[in-house]
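So the chains spell out like this:
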Amino acid sequence: VAEVKLHEDAFGEQRKREVKDQQFEAGKHFDDAELSYLKTTGRPEIIMDQVSGQVAKVTNQPVPRGIVLPNGGGADPKSAEYWQGIGRRVETLSGAEAVYKWGRRHVAVMGRGFWRIRPDYYGRMMRSQDGRYPLTVFQQDIRIEPILVQHSVYEDPLCRSLDFSDMGFCHITSDVEWKQLKRLHPTVVFEDARSLIAAHGDPMPGWVTDKHVRIAERYWIEDTQITLCVVNLQGVDTVVEKTAQSDYPRELIRKEHTFSIRKVKWMKYLHGVVIAQADVPGRYIPVVKIVGERRIIEGKEDNRGMVRMAQHPQRLVDFYEQRLASAVDLSSEGVWTGSVRAIGDRVNDYAHAHKNRPGVLLYNDIDEQGQPIPAPTFVTVAPAVQHLVMAAQRAGMSLRGILGAPDVAPEEQRREQSGVAIGRRQAEQAQTTSHYGDSTNAGVRQTWRIILDMGREVYSVPQILRINGKNEKEIDVLVSSGVPDEAAYQRLGIAPGQIEHMLRADVGDYDVIVTAGRAQETQRQETVEIIDKVLPRLPPEMAVRATGTLLRNLDGPGMFELAQQLAPEDEQAMVPREEVEQLTQQAGQIIDAAKAKIQELEQQIATKRDEWTAKMQMNTEDNQTKLEIETRKAASEVEQ
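Remember, predicted model here, so these are calculated numbers, not experimental data. (Residues numbered from 1 in each chain as written. Predicted model: local features only at pLDDT ≥ 70, side-chain atom pairs only at ≥ 80, totals over all residues. Heavy atoms only, no water.)

## What to know about the overall build of the chain
Reasoning step 1: The secondary structure content of the chain amounts to 20 helices and 18 strands.
Reasoning step 2: Relative to its full complement of 640 residues, the chain shows a buried share of 35%.
Reasoning step 3: Relative to all contacts within the chain whose residues are 6 or more apart in sequence, the contacts with residues 24 or more apart total 69%.
Reasoning step 4: Approximately 39,800 Å² of the chain is accessible, and the part contributed by carbon and sulfur atoms is 53%. (Helix = DSSP H or I, 4+ residues; strand = E, 2+ residues; numbered from the N terminus. Buried < 20%, exposed > 50% of the residue type's maximum accessible area, 1.4 Å probe, protein only. Contact = heavy atoms within 4.5 Å. Areas by Shrake-Rupley, 256 points an atom, 1.4 Å probe, with all protein chains shown as cover.)

Shown next, in the form of structure tokens:
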């Protein structure tokens, strides 16, 4: 409760603003009083929504992809490639692109977005005929999951890192009806709100009502302090833990430091009652937060998306469009003018002619003396709408400026429209909203860091994972903590050496970068266009190989099989032996020349180093001599 109140104090006003932003983007541009006024005055309720389209453009930007890099500790490029394949496997099985875009949509609308990463048992429960289950049912996997109700997240407001990786706690809530509580959580003994409040007091406002009870998941960090020291034991430096029972003499300790070990805890609870609890693999809270425009104003955090500052110009656009529509509507109605004798008792027919649309309107054509009477005439008045049109245009320009959408109407009216000009306008718009993409990049990077960190424990049990390896080729990887023993191979049903690719989950440190997001279809299309242009200029052997790559990027049936026949996996078979030997000889000559050049440069460096050392020694001796002379002069002056 204390953590939730801490969050409410920091983000209470932010949440209220976010709700208004969501309602406005959903089409609620007027409050109840304004809608009542429009109905009372007979004015149309016109909403010229220009916001949601720009939100969709930001939301539908391509999602970045993670790239794993080795970062020491025994990591190597091959292991980084396997981890990268595991990360993309998790994204594919999770439908991560939709999850990322769901969070980014909320960032564009209200300023904040969330998703989570969860380990669990996702294997199929395959029971054999003898009633036994395989040991693989205890193999865990990782999934990226959306948080449908973004306001159900109560995150730590004291984060200092820009990617929120130092989050100390996070609560995710969901409201459950009392009649469903027992079915979902049989261990809960409370039947209604009164019994829960009587047992544990009055909870947070709104968390317990007669209709529902709020269930929450809590993640938090527990830090364990541990003191390690480097001790010289029998001439060998050894890292040991310093405790009260194992204290070492000060003269043996070379270095000492107290480390903080992060452990992630999880529990599910309702007010005063813990339903379940467990440890979470890894050292990060498995909830990812991304923001749009982040500001700290007088110590309070303010996150906003595209909607916040676009509301006023959007309402102006709606207002002027309403006035313009009303003016045009009134001009189409007009008025009937005529003498009283001509219209007579047919006033209602003329008054409602614009609604009833009668086929015939009768009038009295002669008076009592038999003289002709002029027919009634329909008079229309052209309204002065120029000022309304100009005002609506100015409001629209202001709205586009706030949303980051350039005014392209004047340019689109020109006859000359090159692809370069169109691409420049698109790049300009993408640049004005690029911070939303940067925020998504940070969230995807943190997601991959969580997957790598969590995977060390989740994939510690030996198991075989199907991943996309180099060149997107599917391979089987045996993942385990340590080297699998013979029993592990028997459980997996394979022989030692049967799996070519192996990854030790407990070895190596890795880092993650993300690529600039481009849709996979766009990348494939660019590949096809480039190869199609280069193909006619290649030698015959390389042209055959490039043709296989071209076919693999086409979507037609049978293209992949045809590519395999034209460009087999053994690419060396496509190059003549004489050419291979010639290239090898040339490469050896280049390497020998490079080695000779390096030796020459090293000799020059050594010569320069000797010259510099000798010069420095001479300068030092000169300075020492001058110092002695000045010292003697000062001593003689003092004696005098």
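## Here we look at the pairing of strand E16 (residues 474-480)
Reasoning step 1: The element E16 is extensively covered by neighbouring structure, given that 5 of its 7 residues are classed as buried.
Reasoning step 2: Bridge count for strand E15 (residues 463-468) against E16 is 6 bridges, and the pairing is antiparallel. Paired with Asn468 across the two strands is Glu474, which belongs to E16.
Reasoning step 3: As paired strands, E16 and strand E17 (residues 501-504) are joined by 4 bridges and run parallel to one another. Pairing of Val477 across the sheet is with His501, part of E17.
Reasoning step 4: In this region the chain leaves E16, passes through helix H16 (residues 486-492) and returns to the parallel neighbour E17; the handedness of that crossover is right-handed. (Pairing = 2+ DSSP bridges. Right-handed = clockwise from strand over helix to strand, strands pointing away.)

## Points about the sheet that holds E16
Reasoning step 1: Pairing within the open sheet is mixed, and its 3 strands lie in the order E15-E16-E17. Two strands close off the open sheet at either side, each with one partner strand: E15 and E17. Averaged over all neighbouring strand pairs, the angle between strand axes comes to 35 degrees, with direction disregarded.
Reasoning step 2: Packing against the sheet, helix H4 (residues 77-94) makes contact with E15, E16 and E17, and its axis sits at approximately 85 degrees to E15. (Axes fitted to C-alpha atoms, helices over the stretch in contact; angles between N-to-C directions.)

## Some remarks on the pattern of salt bridges
Reasoning step 1: All chains considered together, the criterion is met by 35 salt bridges.
Reasoning step 2: The partner of Arg308 in a salt bridge is Asp21, and the shortest N-O contact between them spans 2.9 Å. Of this pair, Arg308 sits in the loop between strand E12 (300-304) and helix H8 (311-333) while Asp21 sits in helix H1 (residues 2-25); the two residues are 287 residues apart in sequence, bridging distant segments of the chain.
Reasoning step 3: Taking the relative accessible area as the measure of exposure, Arg308 reaches 12% and is therefore buried. (Salt bridge = Lys/Arg side-chain N within 4 Å of Asp/Glu carboxyl O.)

## Looking at the packing of aromatic side chains
Reasoning step 1: One pass over the structure, following the stated rule, counts 6 aromatic pairs.
Reasoning step 2: Taken together, a centroid distance of 6.1 Å and an interplanar angle of 50 degrees make the contact between Tyr154 and Trp207 tilted. Placement of Tyr154 in strand E4 (residues 153-155) and of Trp207 in the loop between helix H7 (193-200) and strand E6 (212-233) is noted, with a sequence separation of 53 residues between them.
Reasoning step 3: Among the aromatic residues, ring-to-ring pairing joins Trp336, Tyr350 and Phe378 into one connected group.
Reasoning step 4: Lying across the ring of Phe11, Arg112 places its NZ or CZ 5.0 Å from the centre.
Reasoning step 5: The aromatic ring of Trp220 is capped on one face by Arg218, whose charged end is 4.1 Å from the ring centroid. (Phe/Tyr/Trp six-rings, centres within 6.5 Å; stacked < 30°, edge-to-face > 60°. Lys NZ or Arg CZ within 6 Å of the ring centre and 35° of its normal.)

## Details of the confidence of the model for the chain
Reasoning step 1: Averaged over all residues, the pLDDT of the chain is 81; the fraction at 70 or higher stands at 80%.
Reasoning step 2: The secondary-structure element of the chain with the lowest mean pLDDT is helix H13 (residues 409-412), recorded at 49, while strand E10 (residues 287-291) shows the highest, at 96.
Reasoning step 3: Long-range and interchain partners of residues 569-575, a stretch whose pLDDT sits below 50, account for 10 contacts in this model, where long-range means more than four residues apart. (pLDDT = per-residue confidence, 0-100.)

## Some words on the sheet that holds strand E2 (residues 112-120)
Reasoning step 1: Strand order in the open sheet formed by 3 strands is E3-E2-E10, and the pairing between neighbours is antiparallel. Both edges of this open sheet fall to strand E3 (141-146) and E10, since each of them pairs with a single strand only. The average angle at which neighbouring strand axes cross in this sheet is 20 degrees, direction not considered.
Reasoning step 2: In terms of strand pairing, E2 meets E3 through 6 bridges, oriented antiparallel. Its bridge partner lying in E3, Arg116 is registered against Glu145.
Reasoning step 3: Along the sheet, H1 contacts E2 and E10; its crossing angle with E2, the most-contacted strand, is approximately 120 degrees.

## As for the side chain of His212
Reasoning step 1: Along the chain, His212 falls in strand E6.
Reasoning step 2: His212 sits in the buried class, given a relative accessible area of 18%.
Reasoning step 3: Engagement of the side chain of His212 in a polar contact is seen with the backbone oxygen of Gly206, the distance being 3.4 Å.
Reasoning step 4: Discounting chain neighbours no more than four positions away, the residues touching His212 are Asp175, Val176, Glu177, Trp178, Gly206 and Trp207. (Polar contact = N/O pair within 3.5 Å; in protein donor to acceptor, adjacent residues only side chain to side chain.)

## Digging into a nonpolar patch on the surface
Reasoning step 1: Taken together, the side chains of Trp102, Leu148 and Val149 make up a nonpolar region of the molecular surface, amounting to roughly 310 Å² of accessible area.
Reasoning step 2: Here Val149 lies in the loop between E3 and E4. (Patch = residues over 30% accessible without salt bridge, like charges linked within 9 Å, V, L, I, M, F, W, Y side chains within 5 Å.)

## Some details on the packing of H1 against helix H5 (residues 96-110)
Reasoning step 1: Contact geometry of H1 with H5 gives a least axis separation of 8 Å together with a crossing angle of 100 degrees. Regarding the angle of H1 to H5, the classification is roughly perpendicular. Contact residues: H1 offers Gln14, Glu18, Asp21, Gln22 and Glu25, while H5 offers Arg105, His106, Val109 and Met110.
Reasoning step 2: Taken together, the residues that form the contact of H1 with H5 break down as 2 nonpolar, 3 polar and 4 charged. (Parallel < 35°, antiparallel > 145°, perpendicular 65-115°, else oblique. Nonpolar A, V, L, I, M, F, W, Y, C, P; charged D, E, K, R; others polar.)

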